[in-house]
Amino acid sequence: MRLPLLACLAIATLSACAEPARVTGMTVSRQAELVPKTSPLANAICVKRVTGGEKTDPLWTSEVDSPSFEQALNLSLANNNLKGTSTCAFDLNANLLGLAQPTAGFNMTVTSNVNYSLLERQSQAPYFQTTVKTPFTAEFGTAFAGVERLRLANEGSIRANISQFLGELIEHQKTTTPPEPAVPSS
């Protein structure tokens, strides 16, 4: 009688429900002086559209949904002096093309693939476009449960993806002068 009870208890302890990626785990913190205050991109970008995310099925695997990805993107822009407040000179669209996830393993590596498109708001002319593909590994020691490691790997991959996008955007801005925001006529 005790053996089946212990087996059931062990299975219940080891199994867990999948949780969606958390916004705080996907957010890029302030990167030292990434954007100078004199940059035309400083406080000038608004997230317009985020697509491609998937809701998490608690009985299956952790995923990244579009609203959480959008929140993480907005917070990352704000943390790095890029998020516009009242008016924006640029619109940012992001399309999560996919997450390459393992089905099982000790170390879980997730690779996120995101297409970013930054458009000048007035003309909707493209200013910067890139597709960023970044892996992140959550090692066995970071969490005992596999579903937890997968969630951490999802978050880390999106965080690394946003960070790489921001770096590429700043490098692009150094070599290209963004259009000046249009002044409304009276």
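Read on for a plain summary of the structure. Every value quoted in this text rests on a predicted model; they were computed, and no experiment measured them.

**Some details on the pattern of salt bridges**
Thinking step 1. Scanning all chains against the criterion turns up 3 salt bridges.
Thinking step 2. A salt bridge links E155 to R151, with the shortest nitrogen-to-oxygen separation between them at 2.5 Å. With E155 and R151 both in helix 4 (residues 146-175) and 4 residues apart, the pair spans about one turn of that helix. R151 shares its class with E155; the two are buried.

**Re the state of the cysteines**
Thinking step 1. Counted according to the given criterion, the structure contains 1 disulfide.
Thinking step 2. Sulfur-sulfur distance for the disulfide between C46 and C88 comes to 1.6 Å. Here the residue C46 occupies a position in strand 1 (residues 45-51), and C88 occupies one in the loop between helix 3 (66-79) and strand 2 (90-100), the gap between them amounting to 42 residues. The same class applies to C46 as to C88, namely buried.

**Considerations on helix 3**
Think of an α-helix as 3.6 residues a turn; residues three or four steps apart then line up on the same face.
Thinking step 1. Here helix 3 spans 20 Å end to end across 14 residues, near enough to the 20 Å set by a 1.5 Å rise per residue.
Thinking step 2. Every buried residue of helix 3 is listed here: S66, S68, F69, A72, L73, N74, S76 and L77.
Thinking step 3. In this structure D65 caps helix 3, since a side-chain oxygen of it lies 2.7 Å from the backbone nitrogen of S68.
Thinking step 4. Two residues or fewer past helix 3, N81 is found with a positive phi of approximately 60°.

**What to know about the packing of aromatic side chains**
Thinking step 1. All told, the structure shown has 3 aromatic pairs when counted by the stated rule.
Thinking step 2. Arranged with centres 5.4 Å apart and planes meeting at 45°, the rings of F90 and Y127 form a pair that is tilted. Of this pair, F90 sits in strand 2 while Y127 sits in strand 4 (residues 126-138), and the two are 37 residues apart along the sequence. We note that F90, like Y127, is buried.
Thinking step 3. Consider the rings of F128 and F165, whose centres lie 6.2 Å apart with planes at 35°: the pair is tilted. With F128 in strand 4 and F165 in helix 4, this pair connects stretches of sequence that are 37 residues apart. You'll find F128 and F165 in the same group, each marked buried.
Thinking step 4. Three or more aromatic residues joined by ring pairs make a cluster, and in this case those are Y116, F128 and F165.
Thinking step 5. The ring of F136 is capped by R159, whose NZ or CZ atom sits 5.5 Å from the centre of that ring.

**A word on the environment of L82**
Thinking step 1. Inspection of the secondary structure assignment puts L82 in the loop between helix 3 and strand 2.
Thinking step 2. Overall, L82 belongs to the buried group, its relative accessible area being 0%.
Thinking step 3. Taking C-alpha positions, L82 is 8.5 Å from C46, a pair spaced 36 residues apart along the chain.
Thinking step 4. Among all residues touching L82, those that are not within four sequence positions of it are V35, L41, N43, A44, I45, L77, L166 and I170.

**A short note on the side chain of S68**
Thinking step 1. Within the secondary structure, S68 sits in helix 3.
Thinking step 2. Relative accessible area serves as the criterion here: at 13%, S68 is assigned to the buried category.
Thinking step 3. Setting aside chain neighbours within four positions, we find S68 in contact with A21, V23 and M26.

**Thoughts on the nonpolar core**
Thinking step 1. L41, I45, F69, L92, Y116, L118 and I162 are the most contacted members of the largest nonpolar core, which totals 41 residues.
Thinking step 2. With 8 residues, the single largest contributor to this core is helix 4.
Thinking step 3. Discounting residues that sit within four places of it in the chain, L92 has contacts with I45, C46, V47, K48, R49, L73, L77, Y116, S117, L118 and F165.

What counts, and at which threshold
Numbering of residues begins from 1 in every chain and follows the order in which that chain's sequence is written. Thresholds applied to this predicted model are a pLDDT of at least 70 for local features of residues and 80 or more for the giving and counting of side-chain atom pairs; totals over whole chains, interfaces and linings are not thresholded and use all residues. To get the side-chain values, all heavy atoms of the structure are used, and hydrogens and water are removed first. Within this document, salt bridges are pairs made up of a side-chain nitrogen of Lys or Arg and a carboxyl oxygen of Asp or Glu, the two lying within 4 Å of each other. Helix numbers and strand numbers start at the N terminus; a helix is a DSSP run of H or I with at least 4 residues, a strand a run of E with at least 2. Remark: exposure states derive from per-residue accessible area (1.4 Å probe, protein chains only) relative to the maximum for the residue type, with buried under 20%, exposed over 50%, and partly exposed in between. Here, the term disulfide refers to a pair of cysteine sulfur atoms separated by no more than 2.5 Å. To estimate how far a helix should reach, multiply one less than its number of residues by 1.5 Å. By the criterion applied in these results, polar contacts are pairs of N or O atoms within 3.5 Å in which, for protein atoms, one can donate a hydrogen and the other can accept it, and in which residues neighboring in sequence qualify only through two side-chain atoms. We call Phe, Tyr and Trp rings a pair once their centres come within 6.5 Å, taking the six-membered ring for Trp, and we label the pair stacked below 30 degrees between planes, edge-to-face above 60, and tilted otherwise. Working rule: Lys NZ or Arg CZ, within 6 Å of ring centre, within 35 degrees of ring normal, means a charge sits over the ring. We call two residues contacting when some pair of their heavy atoms lies within 4.5 Å. We call a set of buried residues a nonpolar core when its members are Ala, Val, Leu, Ile, Met, Phe, Trp, Tyr or Cys and they connect through side-chain atoms within 4.5 Å of each other.

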